[in-house]
Amino acid sequence: MSTELQTELQTAVDRRRNFAIISHPDAGKTTLTEKLLLYGGAIHEAGAVKARRSQRHATSDWMAMEQQRGISITSTVLQFEYQDCQINLLDTPGHQDFSEDTYRTLAAADNAVMLIDAAKGLEPQTRKLFEVCRMRQLPIFTFVNKLDRPGREPLELLDEIEQELGLQTYVVNWPIGMGDRFKGVYDRRHQQIHLFERSLHGRREARETIIDLGDPRIEALLEKELYYQFKDDLELLEGLGPELDLDLVHQGKMTPIFFGSAMTNFGVELFLNAFLDYALKPGPHSSTMGEILPTYPEFSGFVFKLQANMDPKHRDRVAFIRVCSGKFEKDMVVNHARSGKTLRLSRPQKLFAQDRESIDAAYPGDVIGLNNPGAFAIGDTLYIGPKLEYEGIPYFSPELFAYLKNPNPSKFKQFHKGVSELREEGAVQIMYSVDESRRDPMLAAVGQLQFEVVQFRLQNEYGVETLLELLPYTVARWVAGGWEALQKVGRLFNTVTVKDSQDRPVLLFRNEWNCQQVHADHPALKLSAIAPVAGKL
């Protein structure tokens, strides 16, 4: 590798920060995303999440159904420059029915921002997503949100994170007051107090007064009770709290803690500045060739998401590619590991939610969008040079099942195309009966909302009305060893056999007890709650 390319790659990697935001629904994730964009200079006015007619929609919620309901149901990528850093923000669905989309997005992230509601603390979806982060050994940065409302004591929240998640905590910003009395935060990094003024609906950057610790003016600007409470808290933090250890942070064993309010913009800019200093830069990825460093000279990357109809006028399909190594260049010819074919990657795009612009180059840590004519699947590896394959992205066990029916035969082509494209992007898993006379696709979902989204999008994007026939199953298990292993055990009771979109056998059970019964009767039959992954290490 030439010295020029080595220097170019290293400089690009040093400038990049890539992260996903995870949270329980309604913790304020989309609001925080908007405010990070606001402070990053990517937008000039933050959109309302639950938008009124007179307000703009949140940038990250671009899908029609998201704008109607005020929820996030699909992942988006938002790229922007801030303080000479290239930031790739991976916004994930907040709704638990779309947690599988979040799992896939976390595969492309180098860091995770865990958003917690100050009044509710750790919630089920946050715990579940934390476990995925732990599995991937992602550094976790915690933003305790909604301090402008009454909430739990900050020390109590720290204790909950340490006890329940087993994480050490290091407080970076400490709140002064809470609810109507929330005045600002103390920045331990620079030993400064930031007192904020509220702006209309938090649409613009909050104005602040910055005072050094020890400045006598602080007593005049704060109520006496708040001032003494702050002094006591600070003494406790300095005396009992651990020192910041970036190695532990990068190993996912210590989480820097930030307090603030995304709605009023209090503490958002301080969080963003500290994150750039503390976050992990793009690092190595495990492959069939061993660990691939981001400065490896040959381009490589993997597909972590597919999205249909981001531009409904053109009925497009976009593949989201995480660049892992080397330099991506427009029109380069790459190898497609799964098919063994070569592909020319033309018309690459920089993504900003639904908006896109053409790019000529991208570097490790970046996410690019490529037009997908049907060649890509989630988990695919693209590479130049010696063959390598990154670990695939698994599908998890669905819990709800229903046949999807097309009552209008004249819409067969649109129906088939819509189902095929929504399956490709992972909006829902599709299975089929082994009875050849039953041609209706079977939707397999984690949550009810996935069914609603599929039907809504088929109607809205493909002009097809559909009917659902709900099925009485709640457990799915893939058969290790495939059809051959299934034939060896003979007849099975209390289960039905179907096939997934890759023609692999899946057993459906009414409940967990039936599943355990089959396992007890046939111990040699190996069943998995996660679909087999092509290219798995």
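Preceding this paragraph is the structure being described.
So, a few notes on the structure that sits alongside this text. All figures in this text were calculated on a predicted structure; none of them were measured in a lab. What you see as residue numbers is a count from 1 along each chain, following the sequence as written. Local features are withheld for residues below a pLDDT of 70 in this predicted model, meaning they are given only at 70 or higher, and side-chain atom pairs are given and counted only at 80 or more; totals for whole chains, interfaces and linings count all residues. Side-chain measures here rest on the full set of heavy atoms in the structure, leaving out hydrogens and waters.

**Side note on the overall build of the chain**
Consideration 1: The helix and strand inventory of the chain stands at 14 helices and 31 strands.
Consideration 2: Methods summary: accessible areas were calculated by the Shrake-Rupley approach with a probe of 1.4 Å, and residue burial reflects only the protein chains presented. By element, 48% of the accessible surface of the chain is carried by carbon and sulfur atoms, the whole surface being about 23,300 Å². A run of H or I in DSSP counts as a helix once it spans at least four residues, and a run of E counts as a strand once it spans at least two, with each numbered from the N terminus.

**Some thoughts on a nonpolar patch on the surface**
Consideration 1: Where nonpolar side chains cluster on the molecular surface, the patch consists of L155, L236 and L240 and spans about 290 Å² of accessible area.
Consideration 2: Tracing the backbone through its elements, the reader meets L240 in helix α8 (residues 224-240). What makes a patch is a set of residues exposed beyond 30% relative accessible area and free of salt bridges, joined within 9 Å when like-charged and within 5 Å when nonpolar (Val, Leu, Ile, Met, Phe, Trp, Tyr). Note on definitions: salt bridges are taken to be side-chain nitrogens of Lys or Arg within 4 Å of carboxyl oxygens of Asp or Glu.

**So, the pattern of salt bridges**
Consideration 1: Applying the stated criterion across every chain, the model contains 25 salt bridges.
Consideration 2: A salt bridge links R15 to E81; the nearest nitrogen and oxygen atoms lie 2.5 Å apart. With R15 in helix α1 (residues 3-15) and E81 in strand β2 (residues 76-82), this residue pair connects regions lying 66 residues apart in the sequence.
Consideration 3: Look at R15 and you get partly exposed, because its relative accessible area is 21%.
Consideration 4: Linking D366 and R16 is a salt bridge whose minimum nitrogen-to-oxygen distance equals 2.8 Å. Here D366 is found in the loop between β21 (361-362) and β22 (367-371), whereas its partner R16 is found in strand β1 (residues 16-23), with 350 residues between them in sequence. Per-residue accessibility, obtained with a 1.4 Å probe over protein chains only, is compared with the maximum for each type, and a residue is labelled buried under 20%, exposed over 50%, and partly exposed between these values.

**Some thoughts on the environment of I393**
Consideration 1: The topology assignment puts I393 in the loop between β23 (381-383) and β24 (400-405).
Consideration 2: The exposure class assigned to I393 is buried, which follows from its relative accessible area of 8%.
Consideration 3: Sequence separation between I393 and K305 is 88 residues, and the spatial gap between their C-alpha atoms is 9.9 Å.

**As for the sheet that holds strand β8 (residues 184-187)**
Consideration 1: The criterion for strand pairing is that DSSP finds at least two bridges linking the strands in question. Strand order in this open sheet of four strands is β7-β8-β9-β10, and the pairing throughout is antiparallel. The outermost strands of the open sheet, each flanked by one partner alone, are β7 (173-176) and β10 (207-212). Going from strand to strand, the sheet's axes swing by 25° on average, the running direction of each strand aside.
Consideration 2: Across six bridges, the pairing between strand β9 (residues 192-197) and β10 is antiparallel. Looking at β10, one finds that I193 is bridged to I211.
Consideration 3: Note on definitions: a residue-residue contact is assigned when non-hydrogen atoms from the two residues lie within 4.5 Å. Here, axes are lines fitted to C-alpha atoms. For helices the fit covers the stretch in contact, and angles between N-to-C directions go from 0 to 180 degrees. Here α8 sits on the sheet and contacts β7, β8 and β9; the angle it forms with β7, its principal contact strand, is near 160°.

**Some details on the packing of aromatic side chains**
Each aromatic ring pair is characterised by the separation of its centres together with the angle its planes make.
Consideration 1: Ring pairs shown here join Phe, Tyr and Trp side chains whose ring centres sit within 6.5 Å, with only the six-membered ring taken for Trp; geometry is labelled stacked below 30 degrees between planes, edge-to-face above 60, and tilted in between. According to the stated counting rule, one finds 13 aromatic pairs in the structure shown.
Consideration 2: Where F196 meets F266, the ring centres are 4.8 Å apart and the plane angle is 20°; that geometry is what we call stacked. With F196 in strand β9 and F266 in the loop between β11 (254-259) and α10 (268-278), this pair connects stretches of sequence that are 70 residues apart. The same class applies to F196 and to F266, which are both buried.
Consideration 3: Counting every residue linked through ring pairs, the aromatic cluster contains F19, F141, F143, F258, F271 and F275.

**Comments concerning helix α13 (residues 482-489)**
Consideration 1: Within α13 the residues assigned to the buried category are G482, A485 and L486. Down the axis of α13, the buried side of the element spans an arc of 100°, and every buried residue falls inside it. In α13, the exposed positions that point more than 90 degrees away from the buried face belong to E484, Q487 and K488.
Consideration 2: In this structure, the buried side of α13 is in contact with β28 (475-479), β29 (496-500) and β30 (505-509). The arc in question is traced by the directions running from the helix axis to the C-beta atoms.

**Quick notes on unusual backbone geometry**
Most of the time, phi is negative for any residue but glycine, and the peptide bond is trans.
Consideration 1: A positive phi is found at N265, a non-glycine position, where the angle reads about 75°.
Consideration 2: Within the secondary structure, N265 sits in the loop between β11 and α10.
Consideration 3: A relative accessible area of 1% means that N265 is categorised as buried.
Consideration 4: Look at D331: it is not a glycine, yet its phi comes out positive at around 70°.
Consideration 5: Within the element layout of this structure, D331 appears in the loop between β16 (328-329) and β17 (332-336).
Consideration 6: The class for D331 is partly exposed, based on a relative accessible area of 34%.

**Description of the packing of helix α11 (residues 412-424) against helix α12 (residues 448-462)**
Consideration 1: Contact geometry of α11 with α12 gives a least axis separation of 10 Å together with a crossing angle of 125°. Overall, the two elements α11 and α12 adopt an arrangement that is oblique. By crossing handedness, the relation of α11 to α12 is classed as right-handed. On α12, the residues touching Q414, K417, G418, V419, E421 and L422 of α11 are V454, R457, L458 and Y462.
Consideration 2: Gly falls in the polar group here, along with every residue not listed as nonpolar (Ala, Val, Leu, Ile, Met, Phe, Trp, Tyr, Cys, Pro) or charged (Asp, Glu, Lys, Arg). For the contact of α11 with α12, the residue count by class is five nonpolar, two polar and three charged. Roughly parallel means an angle under 35 degrees; roughly antiparallel, over 145; roughly perpendicular, 65 to 115; everything else is oblique. Crossing handedness is read from the near helix: turned anticlockwise from the far helix by less than a right angle, it gives a left-handed crossing, and turned clockwise, a right-handed one.

**Section: the nonpolar core**
Consideration 1: Grouping buried Ala, Val, Leu, Ile, Met, Phe, Trp, Tyr and Cys residues that are joined through side-chain atoms within 4.5 Å yields what is termed a nonpolar core. One finds F304, F401, M431 and L508 to be the most contacted residues of the largest nonpolar core, which totals 81 residues.
Consideration 2: In terms of residue count, the dominant contributor to this core is strand β15 (residues 317-325) (six residues).
Consideration 3: Among residues more than four places away in sequence, those in contact with M431 are P398, F401, P441, M442, A444, W478, V498, K499, D500, V506 and L508.
Consideration 4: Core analysis: the second largest hydrophobic core is formed by 31 residues, L32, C85, L89 and A262 among them.

**Some remarks on the pairing of β29**
Consideration 1: Across three bridges, the pairing between strand β25 (residues 429-433) and β29 is antiparallel. If you follow S433 over to β29, its bridge partner there is V498.
Consideration 2: Bridge count for β29 against β30 is four bridges, and the pairing is antiparallel. Counted as the bridge partner of V498 is V506 from β30.
Consideration 3: In textbook terms, the turn of a hairpin is the stretch between consecutive antiparallel strands, and for β29 and β30 this stretch comprises four residues, one of which, D503, has a positive phi near 65°.

**Overview of the sheet that holds β29**
Consideration 1: What the eight strands build is an open sheet, ordered β27-β24-β26-β25-β29-β30-β28-β31; its pairing is antiparallel. Every interior strand has two partners, whereas the edge strands, β27 (467-471) and β31 (527-528), have only one.
Consideration 2: With three bridges connecting them, β25 and strand β26 (residues 442-445) associate as antiparallel partners. Bridge pairing links M431 to M442 in β26.
Consideration 3: Sheet strands in contact with α12 are β24, β26 and β27, and its direction is about 20° off that of β24.

Any link to function would need more than the numbers given here.
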